[in-house]
Amino acid sequence: MAPIELEKRDQMAYLALYYAIRGDVDRSEKIRATLRLINATHKRVHIAARQFVPVV
């Protein structure tokens, strides 16, 4: 995901939490369902961690 997409996803997750706290469960669940769909449709790419080789 691009940084902008991650930021948008984070904002949507925050809104879902906000609505859940406020008691608007239907709206919160709609947002959460959308987030699950977005996460399921994005191809996950494994990025190998940097490996440090000691210098002898």
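Residues numbered from 1 in each chain as written. Predicted model: local features only at pLDDT ≥ 70, side-chain atom pairs only at ≥ 80, totals over all residues. Heavy atoms only, no water.

**Points about the overall build of the protein chain**
- Looking only at helices and strands, the protein chain features two helices and zero strands.
- In the protein chain, buried positions account for 11% of the 56 residues.
- As presented, the protein chain carries roughly 5400 Å² of accessible surface, and 59% of it is formed by carbon and sulfur atoms. (Helix = DSSP H or I, 4+ residues; strand = E, 2+ residues; numbered from the N terminus. Buried < 20%, exposed > 50% of the residue type's maximum accessible area, 1.4 Å probe, protein only. Areas by Shrake-Rupley, 256 points an atom, 1.4 Å probe, with all protein chains shown as cover.)

**Quick look at the nonpolar core**
- Among the nonpolar cores identified, the biggest contains five residues, and these are M12, A16, Y19, I31 and L35.
- Of all the elements in the fold, those that place two or more residues in this core are α1 (3–22) and α2 (25–41).
- No other element matches α1, which puts three residues into this core.
- Once residues within four sequence positions are removed from consideration, I31 is found in contact with M12, L15, A16 and Y19. (Core = buried A, V, L, I, M, F, W, Y, C linked by side-chain atoms within 4.5 Å. Contact = heavy atoms within 4.5 Å.)

**Focus on the pattern of salt bridges**
- Across all of its chains, the model carries three salt bridges by this definition.
- For E29, the salt bridge goes to R32, with nearest N and O atoms at 2.8 Å. Note that E29 and R32 are positioned in helix α2 at a spacing of three residues, about one turn of the helix.
- You can call R32 partly exposed: its relative accessible area is 38%. (Salt bridge = Lys/Arg side-chain N within 4 Å of Asp/Glu carboxyl O.)

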